[in-house]
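Residue strings, one per chain:
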Amino acid sequence: DQQVKQNSPSLSVQEGRISILNCDYTNSMFDYFLWYKKYPAEGPTFLISISSIKDKNEDGRFTVFLNKSAKHLSLHIVPSQPGDSAVYFCAASEYFYGGSQGNLIFGKGTKLSVKP
Amino acid sequence: KAGVTQTPRYLIKTRGQQVTLSCSPISGHRSVSWYQQTPGQGLQFLFEYFSETQRNKGNFPGRFSGRQFSNSRSEMNVSTLELGDSALYLCASSLRGSGGTDTQYFGPGTRLTVL
């Protein structure tokens, strides 16, 4: 059973507009969430993260929103640029009693295409 | 600072063979995690090594194994290869590991094709 789901395999957006990538999770013990970006022939690169004590985190053009009650997070890219075209992975990890954090569980990714 | 390196970048093997993949983490990083990426399943966690000890393991058969050396370099081995093992194998390093709160830096991956 998939614990982290990215239901849209692809998304196409016009340059300058907002890109919204969505991610749903099922495990209520997840408390740390990340977004990674992946270009072809390269490994994923870390983009932005958020812990469960916050509902929003911003870094330049990238903002991640977390809705714990809905078990949903989203990544907003504003404004979108052609260089943002890549596959975006959402990931989550679980906090274990005793202070350790579990391994990352990834979604299957959403391919974003930003058209000039 | 040099990034995570993986060798080889591409590999072609036949069913039944075994393969060893190598990962050199960022200098100073003690945790190395391995992932398998396939089109249907996305990125799936294989295992994590920290200070030469396997600290965490994903849901993969025993044909998949790994080890870490004292210099934090890691190898991953797959024995008795099956067609379904064809995938991109990614290695990621981080300072302390312990899952998500410590940023993981990924290598470019090794593309394994099993014929």
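The model shown is predicted, which means the values in this text are computed figures rather than measured ones.

Reading the values: the criteria
- Residues numbered from 1 in each chain as written.
- Chains lettered and ligands numbered in written order.
- Predicted model: local features only at pLDDT ≥ 70, side-chain atom pairs only at ≥ 80, totals over all residues.
- Heavy atoms only, no water.
- Pairing = 2+ DSSP bridges.
- Helix = DSSP H or I, 4+ residues; strand = E, 2+ residues; numbered from the N terminus.
- Axes fitted to C-alpha atoms, helices over the stretch in contact; angles between N-to-C directions.
- pLDDT = per-residue confidence, 0-100.
- Patch = residues over 30% accessible without salt bridge, like charges linked within 9 Å, V, L, I, M, F, W, Y side chains within 5 Å.
- Areas by Shrake-Rupley, 256 points an atom, 1.4 Å probe, with all protein chains shown as cover.
- Salt bridge = Lys/Arg side-chain N within 4 Å of Asp/Glu carboxyl O.
- Contact = heavy atoms within 4.5 Å.
- Buried area = accessible area lost by both parts, 1.4 Å probe.
- Polar contact = N/O pair within 3.5 Å; in protein donor to acceptor, adjacent residues only side chain to side chain.
- Nonpolar A, V, L, I, M, F, W, Y, C, P; charged D, E, K, R; others polar.
- Core = buried A, V, L, I, M, F, W, Y, C linked by side-chain atoms within 4.5 Å.
- Buried < 20%, exposed > 50% of the residue type's maximum accessible area, 1.4 Å probe, protein only.
- Phe/Tyr/Trp six-rings, centres within 6.5 Å; stacked < 30°, edge-to-face > 60°.
- Lys NZ or Arg CZ within 6 Å of the ring centre and 35° of its normal.

**So, the sheet that holds strand 1 (residues 5–7) of chain B**
Residue and element names in this part refer to chain B.
Right, so step 1: Here four strands make up an open sheet; going across it, the order is 1-3-8-7 and the pairing antiparallel. The two strands at the open ends of the sheet, each matched to only one other strand, are strand 1 and strand 7 (64–68). Between one strand axis and the next, the sheet turns by 20° as a mean value, whatever way the strands run.
Right, so step 2: In the sheet, strand 1 pairs with strand 3 (residues 19–24) via three bridges, with the strands oriented antiparallel. In the strand pairing of strand 3, Gln6 is matched with Cys23.

**Considering the confidence of the model for chain A**
Right, so step 1: With 95% of its residues at a pLDDT of 70 or more, chain A shows a mean pLDDT of 92.
Right, so step 2: Averaged pLDDT values over the elements of chain A bottom out at 64 in strand 10 (residues 100–101) of chain A and peak at 98 in strand 8 (residues 72–77) of chain A.

**Quick look at a nonpolar patch on the surface**
Right, so step 1: Among the surface-exposed residues, Ile18, Ile20 and Val78 of chain A lie close enough to one another that they form a single nonpolar patch of about 220 Å² accessible area.
Right, so step 2: Its location among the elements puts Ile20 of chain A in strand 3 (residues 19–25).

**Things to note about the interface of chain A and chain B**
Right, so step 1: Contact with chain A, which involves 18 residues of that partner, is made by 20 residues of chain B.
Right, so step 2: Taking both partners together, chain A and chain B bury about 1,500 Å²; carbon and sulfur atoms supply 60% of that area.
Right, so step 3: Taken as a group, Asn103, Phe106 and Lys108 of chain A account for 30% of the area that chain A buries against chain B, more than any other trio of residues on that side.
Right, so step 4: The interface formed by chain A and chain B contains zero salt bridges.
Right, so step 5: Linking chain A with chain B are three residue pairs in polar contact (both at pLDDT 80 or more).
Right, so step 6: Going through the elements one at a time, strand 4 (30–38) and strand 9 (86–96) of chain A are the ones with two or more residues in the side of chain A that touches chain B.
Right, so step 7: It is strand 4 of chain A that provides the largest number of residues to the side of chain A that touches chain B, a total of four residues.
Right, so step 8: A breakdown of the residues in the side of chain A that touches chain B according to their chemical character gives nine nonpolar, six polar and three charged.

**Some details on unusual backbone geometry**
Right, so step 1: In this model, Val78 of chain A is joined to Pro79 of chain A through a cis peptide bond whose omega is -10°.
Right, so step 2: A cis geometry characterises the amide bond from Thr7 of chain B onward to Pro8 of chain B, with omega recorded as -10°.
Right, so step 3: Inspection of the secondary structure assignment puts Pro8 of chain B in the loop between strand 1 and strand 2 (10–13).
Right, so step 4: One non-glycine residue, Ser51 of chain B, lies in the positive phi region at around 50°.

**Overview of the nonpolar core**
Right, so step 1: Membership of the largest hydrophobic core comes to 23 residues, with the highest contact counts inside it found for Phe33, Trp35, Leu73, Leu75 and Tyr88 of chain A.
Right, so step 2: At the level of elements, strand 3, strand 4, strand 5 (45–51), strand 7 (62–67), strand 8, strand 9 and strand 12 (110–115) of chain A are the ones that each hand at least two residues to this core.
Right, so step 3: Core analysis: the next-biggest nonpolar cluster, separate from the first, contains 21 residues, Leu11, Leu46, Leu81 and Val114 of chain B among them.

**A few points about the packing of aromatic side chains**
Right, so step 1: Following the criterion strictly, the structure yields 12 aromatic pairs over all chains and no others.
Right, so step 2: Both rings, one in Phe106 of chain A and one in Phe106 of chain B, keep their centres 6.2 Å apart while their planes meet at 75°; by these two values the pair is edge-to-face. Pair noted here: Phe106 of chain A is in strand 11 (residues 105–106) and Phe106 of chain B is in strand 10 (residues 105–106), and the two residues belong to different chains. As far as burial versus exposure is concerned, Phe106 of chain A and Phe106 of chain B are alike and both buried.
Right, so step 3: Taken together through their ring pairs, the aromatic side chains of Tyr36, Phe46, Phe89 and Phe106 of chain A together with Tyr35, Phe45 and Phe106 of chain B make up a single cluster.
Right, so step 4: The ring of Phe50 of chain B carries the charged tip of Arg55 of chain B above its face, separated from the ring centre by 4.1 Å.

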